[in-house]
2 protein chains.
Amino acid sequence: MSAPPSTSSSGFNAAAGKPATIHDVAALSGVAASTVSRALSTPGRVNFRTRARIEAAAAELKYIPNAQAKALSSGRTKAVAVLVADITNPFYFDIIRGTQLQLKAAGYTQLLVDTEESEEVEANSIEQMLQTADGVILTASRLSEEALTLSATKMPLVTINRQVTGIPSVILDTPTATNQALDHLISLGHSQIAYLGGPASSNSNIRRWEALNAAAKERGVEVLKLGPFAPRTYAGAAAADALVHSGATAGIVFNDLIAIGMLQRLQARGVRVPQDISIVGCDDIFGADFCSPPLTTVTAPVEQAGRVAVTMLLSQINPTLGTLPRQQSVLPTHLTIRGSTGPAAVPS
Amino acid sequence: MSAPPSTSSSGFNAAAGKPATIHDVAALSGVAASTVSRALSTPGRVNFRTRARIEAAAAELKYIPNAQAKALSSGRTKAVAVLVADITNPFYFDIIRGTQLQLKAAGYTQLLVDTEESEEVEANSIEQMLQTADGVILTASRLSEEALTLSATKMPLVTINRQVTGIPSVILDTPTATNQALDHLISLGHSQIAYLGGPASSNSNIRRWEALNAAAKERGVEVLKLGPFAPRTYAGAAAADALVHSGATAGIVFNDLIAIGMLQRLQARGVRVPQDISIVGCDDIFGADFCSPPLTTVTAPVEQAGRVAVTMLLSQINPTLGTLPRQQSVLPTHLTIRGSTGPAAVPS
DNA sequence: AACTTTTTGACAACCGATTGCCATTTCTAG
DNA sequence: CTAGAAATGGCAATCGGTTGTCAAAAAGTT
């Protein structure tokens, strides 16, 4: 049957350059629009032969379902928002990479949102995403427990590095490895150790310091707390100066960004690493392995954290698979020893 | 007036936990839904007092317009897709950062898409985005000129580092600075110079090599072409070996990723940089300043490229402002000299 | 005061799907 | 051969807005 150039009411093919709609497909295959919808989504709901016809028509017209219309009528957007505090930070890039990969594999779109380290922007973004996304992944949330719990009742939510009862979360277990770092330094003979802290509002920072402090007490050494420092390389200068001034021979740093900045500053000041001072970073970001000296750091599976978060979120969004969605996932970390740590300087 | 607990037809307030709609706002302020729509979008179209009432009602109900519905009826999604070839590459992160910042400032959402270095995935993604986004930014497109031109007729498009007549583009003028790099090396006494190329399908790679080759001829030196190498640090090992084997005393490398990988490999092999071999990178990515030795490289305003691309795209999407949208924007780059280049080794 | 011009707001038709409900048709079984 | 179940496809309402059209109201003119 060749298509007659019908001058009838509404042309069923995309005469204009406009993309084909479900109605075009319906017209071409001689069924109702609803049937097309069912054929394409509910496999068993439509006759085998009919479906074949419809699929052929869809292919011919290069039909691509309109995401907006789909979202409006179904309530599902097939999009997930990933909120990061600061897109400038390489740490988040690894997370984004992980979420992107996993979301794409599941056919979801990633909405990247920068909350600019602001609690307010974060809250607004979540509110906004309520309608725009099927779920949200919060990396290093600044929100209060109450606010988070409330948000979690409104939509699927997964946090990374933020633990709140009742909210699924992915935790990078850095405290454990930070304690390893402490042991590492102690075994190298260090006794004056400092912790160079990150933002006061950072949950990871608090957890890490508490674990470190407790571990230090256990081992009978004292750990000095310095900071807070902004999680940027340039803050490393201040951190380095503070460390030198404190008299400690080793520093455990909130993250690699600051640690790398410290390395540069120490070098500029003529302080040798690790001969004069040892430095331990955290995260093992891009660059930690090739800075000078290569950074001893706590390696965390950051990208994997992003992937796991997506998996948990999706199982929350589509609870079909019988398996109960995991509520929590703790990812192990480990200490990677490179060149920035060494034996404590012998007091001359 | 206190709100009576009316049992009338449809409750106008969000009795359930559902977000308020335009109808709720309309009911609460006693006007039609269309009036609410106009009050909120077309400022002068609605009476001052009425608008105030509506805005108050909207605020009270915490009304947030539904993005999907808006998109469906208006045809505009307020979203822009940014296609990157490989989200793993730090280079793209700088672009993403730039686009994110600028898009957010304009109230647009960024849809991040990884095309996995595949022409097909890229083509599909564009097709998909036709309905989902108001415009697309293509970073380092792999598509043919015809395909690009065709796509550009269907929706607003801006390319980065890809020049096709008729399509607005942002070009990072690396060739010019690469030639500076050549002069730099020549002035240091190098005469055996190699270009370590990137992916054969990369447009930047081709442009850069052509410029370099032409410049070399002008200056009467010979530049050897090696590669292609994948734009990854691990490819640096092969690149380094190839460079050493070639006998050249200096290498101009496709990008910093490879260059940094080379630095590591050369160090492992005991080849000193810059004493034995000089290396020039490209892009000045995160890490180029603190690797060992710090990398001499072509600094490109990558983040700015992202921002400019967004600006150009938006002026294409909203041609209101009278000014003609710029068709092309060439961003200057410069050579940043650090520690990886030095005088040519005197043949012993 | 009568008439024209401008504002302002409501009605209703989309946008492109999904989905509950119902009418056929087909298959199975009694 | 027919009643009843299962499979199949269509109608129409709905999602939450936008926007063209038009009537009513307000303002301005003479």
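Please read all numbers here as calculations on a predicted model, not as lab measurements. (Residues numbered from 1 in each chain as written. Chains lettered and ligands numbered in written order. Predicted model: local features only at pLDDT ≥ 70, side-chain atom pairs only at ≥ 80, totals over all residues. Heavy atoms only, no water.)

**Student:** Got a minute to help me understand the overall build of chain A in this structure?
**Tutor:** A count of helical and extended segments in chain A gives 12 helices and 12 strands. Each principal axis of the C-alpha atoms in chain A carries an extent, and together these give about 100 × 40 × 35 Å. Expressed as a percentage of its 348 residues, the buried residues of chain A come to 51%. Here the analysis covers contacts within chain A between residues at least 6 apart in sequence; of these, 68% occur between residues at least 24 apart. Accessible area for chain A stands at about 15500 Å²; split by element, carbon and sulfur atoms hold 54% of it. Across chain A, the 27 positively charged side chains and the 27 negatively charged ones have centroids separated by 10 Å. (Helix = DSSP H or I, 4+ residues; strand = E, 2+ residues; numbered from the N terminus. Buried < 20%, exposed > 50% of the residue type's maximum accessible area, 1.4 Å probe, protein only. Contact = heavy atoms within 4.5 Å. Areas by Shrake-Rupley, 256 points an atom, 1.4 Å probe, with all protein chains shown as cover. Lys, Arg positive; Asp, Glu negative; His and termini not counted. Charge placed at Lys NZ, Arg CZ, Asp CG, Glu CD.)

**Student:** How do you make sense of the pairing of strand 8 (residues 250-253) of chain B when you look at a structure like this?
**Tutor:** A regular strand carries its side chains on alternate faces of the sheet. All names here are of chain B. Burial along strand 8 is two-sided: Ala250 and Ile252 and Gly251 and Val253, pointing in opposite directions, are all buried. Here strand 6 (residues 192-196) runs beside strand 8; their pairing, made up of four bridges, is parallel. Considered in strand 8, the bridge of leucine 196 is made with valine 253. Judged from the three bridges that link them, strand 8 and strand 9 (residues 278-283) form a sheet pairing that is parallel. (Pairing = 2+ DSSP bridges.)

**Student:** I keep staring at the relation of the copies chain A and chain B and nothing clicks. Help me out?
**Tutor:** Two chain copies here: they are related by a rotation about an axis and a translation along the same axis. Relative to chain B, chain A is turned by 180° and slid 0.0 Å along the rotation axis, the superposed coordinates differing by an RMSD of 0.1 Å. Between the two chains, the operation in question is that of a two-fold axis. Interface overlap between copies: 100% of the residues of chain A at the interface are likewise at the interface in chain B, consistent with a symmetric, same-surface contact. (Least-squares fit on C-alpha atoms with pLDDT ≥ 70 in both.)

**Student:** Teacher, can you tell me more about the UniProt feature "domain: HTH lacI-type" (unreviewed entry) in chain A here?
**Tutor:** Per the UniProt entry, the sites bearing "domain: HTH lacI-type" (unreviewed entry) are residues 20-74 of chain A in this numbering. The span residues 20-74 of chain A is 71% helical and 0% strand by assignment, and the distance between its end C-alpha atoms comes to 20 Å. (UniProt positions renumbered as here; feature names shortened; annotations may be inferred.)

**Student:** Looking at this structure, how should I read the pairing of strand 6 of chain B?
**Tutor:** Residue and element names in this part refer to chain B. Most of strand 6 is tucked away, with four of its five residues classed as buried. Pairing of strand 6 with strand 7 (residues 222-226) involves five bridges; the strand directions are parallel. By the bridge assignment, isoleucine 193 is partnered in strand 7 with valine 223. One crossover worth recording links strand 6 to the parallel strand 7 by way of helix 9 (residues 203-219), and it is right-handed. (Right-handed = clockwise from strand over helix to strand, strands pointing away.)

**Student:** Explanation requested: the protein's contact with DNA strand C in the structure shown.
**Tutor:** Around DNA strand C lies a shell of 28 residues, among which Ile22, Ser37 and Arg38 of chain A together with Arg45 and Thr50 of chain B are the nearest. Considering DNA strand C, the proportion of its atoms within 4 Å of the protein that are sugar or phosphate atoms stands at 57%. Contact between DNA strand C and isoleucine 22 of chain A: a phosphate oxygen at 2.6 Å from a main-chain N or O atom of the residue. In this structure, asparagine 66 of chain A approaches DNA strand C through a main-chain N or O atom, which is 2.7 Å from a phosphate oxygen. The element contributing the most residues to the surface near DNA strand C is helix 4 (residues 67-74) of chain A, with five residues. For the surface near DNA strand C, the class distribution of residues is nine nonpolar, 13 polar and six charged. (Near = heavy atom within 4 Å. Polar contact = N/O pair within 3.5 Å; in protein donor to acceptor, adjacent residues only side chain to side chain. Nonpolar A, V, L, I, M, F, W, Y, C, P; charged D, E, K, R; others polar.)

**Student:** For this particular structure, what's the right way to read the protein's contact with DNA strand D?
**Tutor:** Surveying the vicinity of DNA strand D reveals 28 residues, the closest of which are Thr35, Arg45 and Thr50 of chain A together with Ser37 and Arg38 of chain B. Protein-proximal atoms of DNA strand D, defined as those within 4 Å of the protein, fall in sugar or phosphate at a share of 54%. In this structure, a phosphate oxygen belonging to DNA strand D sits 2.8 Å away from a main-chain N or O atom of alanine 32 of chain A. A distance of 3.0 Å separates a sugar or linking oxygen of DNA strand D from a polar atom in the side chain of tyrosine 63 of chain B. Listing elements by their share of the surface near DNA strand D, those giving two or more residues are helix 2 (33-41) and helix 4 of chain A together with helix 2 (33-41) and helix 4 (67-74) of chain B. Residue classes in the surface near DNA strand D are distributed as 10 nonpolar, 13 polar and five charged.

**Student:** Whenever I open this one, the sheet that holds strand 6 of chain B confuses me. Can you help?
**Tutor:** Neighbouring strands of a sheet are bound in pairs by backbone hydrogen bonds; such pairs are parallel or else antiparallel. Residues and elements named next belong to chain B. In space, the six strands of this open sheet follow the order 7-6-8-9-10-12, with mixed pairing throughout. Since the sheet does not close on itself, it has two edges, and those belong to strand 7 and strand 12 (334-336), each with one partner. Direction aside, neighbouring strands of the sheet carry axes that sit 25° apart on average. Across the sheet, helix 10 (residues 235-246) touches strand 6, strand 7, strand 8 and strand 9, and the angle it forms with strand 7 is around 140°. Contacting strand 6, strand 8, strand 9 and strand 10 (296-299), helix 11 (residues 256-269) runs over the sheet at an angle of about 155° to strand 9. (Axes fitted to C-alpha atoms, helices over the stretch in contact; angles between N-to-C directions.)

**Student:** Please clarify how the nonpolar core should be interpreted in this entry.
**Tutor:** Grouped burial of nonpolar side chains is what soluble globular proteins tend to show. Formed by 90 residues in total, the largest nonpolar core has its most connected members in Ile279 of chain A together with Ile279 of chain B. Setting aside residues no more than four positions away along its own chain, isoleucine 279 of chain A makes contact with Leu243, Gly251, Val253, Ala259, Met262, Leu263, Leu266, Val273, Leu295, Thr296, Ser340 and Thr341 of chain A. Judged by nonpolar contacts, the second largest core, of 60 residues, contains Ile87 and Tyr92 of chain A together with Ile95 and Leu314 of chain B. (Core = buried A, V, L, I, M, F, W, Y, C linked by side-chain atoms within 4.5 Å.)

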